[in-house]
Protein chains: 2
Amino acid sequence: MAAAGRLHVVILAGGIGTRLWPISRRSRPKQFQPLLSARTMLEETHQRVLPLASPERVWVVTGEAFTSLVRSQLPAVPAGNVLGEPMARSSAPAAALAVARIARADPEARVLLTPADSYIGDAAAYRDYVAAAVEAAATGCIVTLGVVPSRPETGLGYIKRGERLERPPGAYWVERFTEKPDPATAASYVADGGYYWNMGQFVFVAGVFMERLERHLPEVAKGVRRLAEAGEPSQELMARVYQEMRSISIDYGIAEKEECLAVVPTALEWSDVGSWRAVKEIAARRGGLDPNPEQHVGVESDGCFVMAGSGRLVVTVGMKGYVVVDTPDALLILDPEQDQLVREALAEIERRGKEERL
Amino acid sequence: MAAAGRLHVVILAGGIGTRLWPISRRSRPKQFQPLLSARTMLEETHQRVLPLASPERVWVVTGEAFTSLVRSQLPAVPAGNVLGEPMARSSAPAAALAVARIARADPEARVLLTPADSYIGDAAAYRDYVAAAVEAAATGCIVTLGVVPSRPETGLGYIKRGERLERPPGAYWVERFTEKPDPATAASYVADGGYYWNMGQFVFVAGVFMERLERHLPEVAKGVRRLAEAGEPSQELMARVYQEMRSISIDYGIAEKEECLAVVPTALEWSDVGSWRAVKEIAARRGGLDPNPEQHVGVESDGCFVMAGSGRLVVTVGMKGYVVVDTPDALLILDPEQDQLVREALAEIERRGKEERL
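If you're wondering where the values come from, they're calculated on a predicted model, not measured in any experiment.

Draft legend 1. Quick peek at the relation of the copies chain B and chain A. Once chain B has been moved 0.0 Å along the axis and rotated by 180°, it coincides with chain A to within an RMSD of 0.1 Å. Here the transformation between the copies is reduced to the relation of a two-fold axis. Both copies contact each other with a shared surface, as 100% of the interface residues of chain B are interface residues in chain A too.

See below:
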């Protein structure tokens, strides 16, 4: 791999994770929380990529307010590799911010772009798929990973595969990226067999990404190049550039426009961990519906996911399938079928002027 | 009333209230807690009888461990009127402990015996019924209050009325006290119209009660007489007497055996507040399902009773009809249809060696 350029990993850690309140908070969003294990999601993500890239080739992009948190959670990563954005501009500018720096030093470098807050069941298998994607990136195209869909999920984007690549085996050209489908369309995608869930994982040659960025989002490319040239840009310069940066995701801004895209389908157990229902499902598969059993007493309570994290005793009687999340200053009791309504609750908390609980 | 003997009130405050955990605790059972208003149930009970008897004629019988709590909650009641039992022996010995003292000073005194932890909607109406019962007690019989049943409740004893008393109007002789009925029997009682719920409220002449006690429970009568004669009995004497006292309720030990009993039927809104379902029903009738609305945010949550008493924010999403009780060290989430299972949860807490949470 040395000849083809070393692999860098860019971890996107700028999410807010509103729907995972009260674990996810404004002051500490979900990726900085231990949601599914004793490690935070960011730490898990770093552990997953550790065999792929030594810490000095790991980059984290996050909100300015969270850079010290990232540095304390990933002490092995050089402080200068943790890039703080002065404001959120979605994933295309965030990815570009890091890739522009990598490309400036080594345009031939390979880059794996990964969200900080995905759940991936088998890290070793994941790394094998990434290796295949790195191989596919030698074509000079952007490569993405996809998951074989197990259900007609309407909350995710899908990738339609086209022809096979010559190599590596198992990789395909992408026919198109799709937006979140309606239920009937989602069902047809699953039945078709040629669609994969969009995981938000991308692999590419750094210089190739910058070239495509220049084509699809020239103003973003200009901004991040300017920052990369500045070396350690001042806060003022960062703010000026970001003020004029448009807010756009990689999917909309690049993947849906780009012609030269490949996909490596995977059989990974994966989730974007976007809601309490998702957390509950992962916990159930892993046999961890009761992560703090010493703090929970359930009587006639089946299928509940109880995070009893405040040191208090949680007793459930006659509860079926609910989610209970107990923290020192806030408690959530939720029907997971209605987990999207957490947002309404947060809006109400804000209306009441209790921002310190958000 | 002066000629007929003044009215004393004996408040029985020895209950444990297990099923109302986590508000009711071993160290502070429900009668010492503000469950349905800002006042504790004991304070509410005292307020209710205040116009009937000045504080020096109010007596409270409770566990020895709770005498100082009672004195702090009812500072107007003389300390010597708060009687602490060294061990629980049910209601007959508890009542007799106080009545023996009253009867020794004034056998003609009238006594109202009341639990400390009942809910009664209309205190003024209650006092009118007590006045009628005091009048009926002039017959030389024990008088009880009954509630016209509004549903075939199986968790309560019933009183079957017999012939009318000559006076006061509306009072009847009691044909019999019944134990808790099965559902079919309870339904027939309600349909009959001649049955009332046993509220555990009794009115009698002090000397009459002691005479009946002598007949039905001679060993209890002997014990409490000995303690009354001792004036301020030593802890050792109290313990010795109680050790030999049998544990028996007024209902089983006296009311079900006694021939000379009258009942004053009442149309009171009443509950023995024995379970969370009962608390929820009372709260719903009073429009107080959400007693701490500033601490609770409900989204698509109807008919839940949420006691958010720990200062934490409680958010419920998609919960219908549940009971949530939040305290600083323990949380209960309960289907009120299964409220009897709280006991199983407490047994489990004890098995885990977490007695400090009980």
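Draft legend 2. Local environment of the sheet that holds strand β16 (residues 330-334) of chain B. Spatial strand order, β12(A)-β14(A)-β16(B)-β15(B)-β13(B): 5 strands in an open sheet with mixed pairing. Each of the sheet's edge strands pairs with one partner strand only, and the pair in question is β12 (296-299) of chain A together with β13 (305-308) of chain B. If you compare each strand with its neighbour and ignore which way they point, the axes differ by 5° on average. By the bridge criterion, 4 bridges tie strand β15 (residues 323-326) of chain B to β16(B) in an arrangement that is antiparallel. Bridge pairing in β16(B) places B:Asp326 opposite B:Leu331. Sitting on the sheet, helix α11 (residues 342-351) of chain B touches β12 and β14 (313-317) of chain A together with β16 of chain B, and the angle it makes with β12(A) is about 145°.

Draft legend 3. Expanded view of the interface of chain B and chain A. Between chain B and chain A, the contact holds 30 residues from the first and 30 residues from the second. Among the secondary structure elements, those contributing two or more residues to the side of chain B that touches chain A are β12 (296-299), β14 (313-317), β15, β16 and α11 of chain B. Partitioning the side of chain B that touches chain A into residue classes produces 17 nonpolar, 3 polar and 10 charged. Two elements, strand β16 (residues 330-334) of chain A and β14(B), share 5 bridges in a ladder whose sense is parallel. Bridge pairing links A:Ala330 to B:Leu313 in β14(B).

Draft legend 4. Quick look at the sheet that holds strand β15 (residues 323-326) of chain A. Taking strand neighbours across the sheet as the criterion, the 5 strands line up as β13(A)-β15(A)-β16(A)-β14(B)-β12(B) in an open arrangement whose pairing is mixed. Of all strands in the sheet, those with a lone pairing partner are β13 (305-308) of chain A together with β12 of chain B, marking the two edges. Each neighbouring strand pair of the sheet contributes to a mean axis angle of 5°, computed without reference to strand direction. On top of the sheet, helix α11 (residues 342-351) of chain A reaches β16 of chain A together with β12 and β14 of chain B; it is set at about 145° to β12(B), its chief contact.

Draft legend 5. The arrangement of the environment of B:Val9 in detail. Residue and element names in this part refer to chain B. For Val 9, the location among the structural elements is in strand β1 (residues 7-13). A count of 27 C-beta atoms within 10 Å places Val 9 in the buried class. Each C-alpha atom, one on Val 9 and one on Ile 102, is 10.0 Å from the other, the two residues being 93 residues apart in sequence. When residues no more than four places from it in sequence are discounted, the contact partners of Val 9 are Val 49, Leu 52, Ala 53, Arg 57, Val 58, Trp 59, Leu 112 and Thr 114.

The rules behind each value
- Residues numbered from 1 in each chain as written.
- Chains lettered and ligands numbered in written order.
- Predicted model: local features only at pLDDT ≥ 70, side-chain atom pairs only at ≥ 80, totals over all residues.
- Least-squares fit on C-alpha atoms with pLDDT ≥ 70 in both.
- Contact = placed C-beta atoms within 7 Å.
- Pairing = 2+ DSSP bridges.
- Helix = DSSP H or I, 4+ residues; strand = E, 2+ residues; numbered from the N terminus.
- Axes fitted to C-alpha atoms, helices over the stretch in contact; angles between N-to-C directions.
- Nonpolar A, V, L, I, M, F, W, Y, C, P; charged D, E, K, R; others polar.
- Buried ≥ 20, exposed ≤ 12 C-beta atoms within 10 Å, placed from the backbone.

The quantities given are spatial measurements derived from coordinates; they are silent on function.
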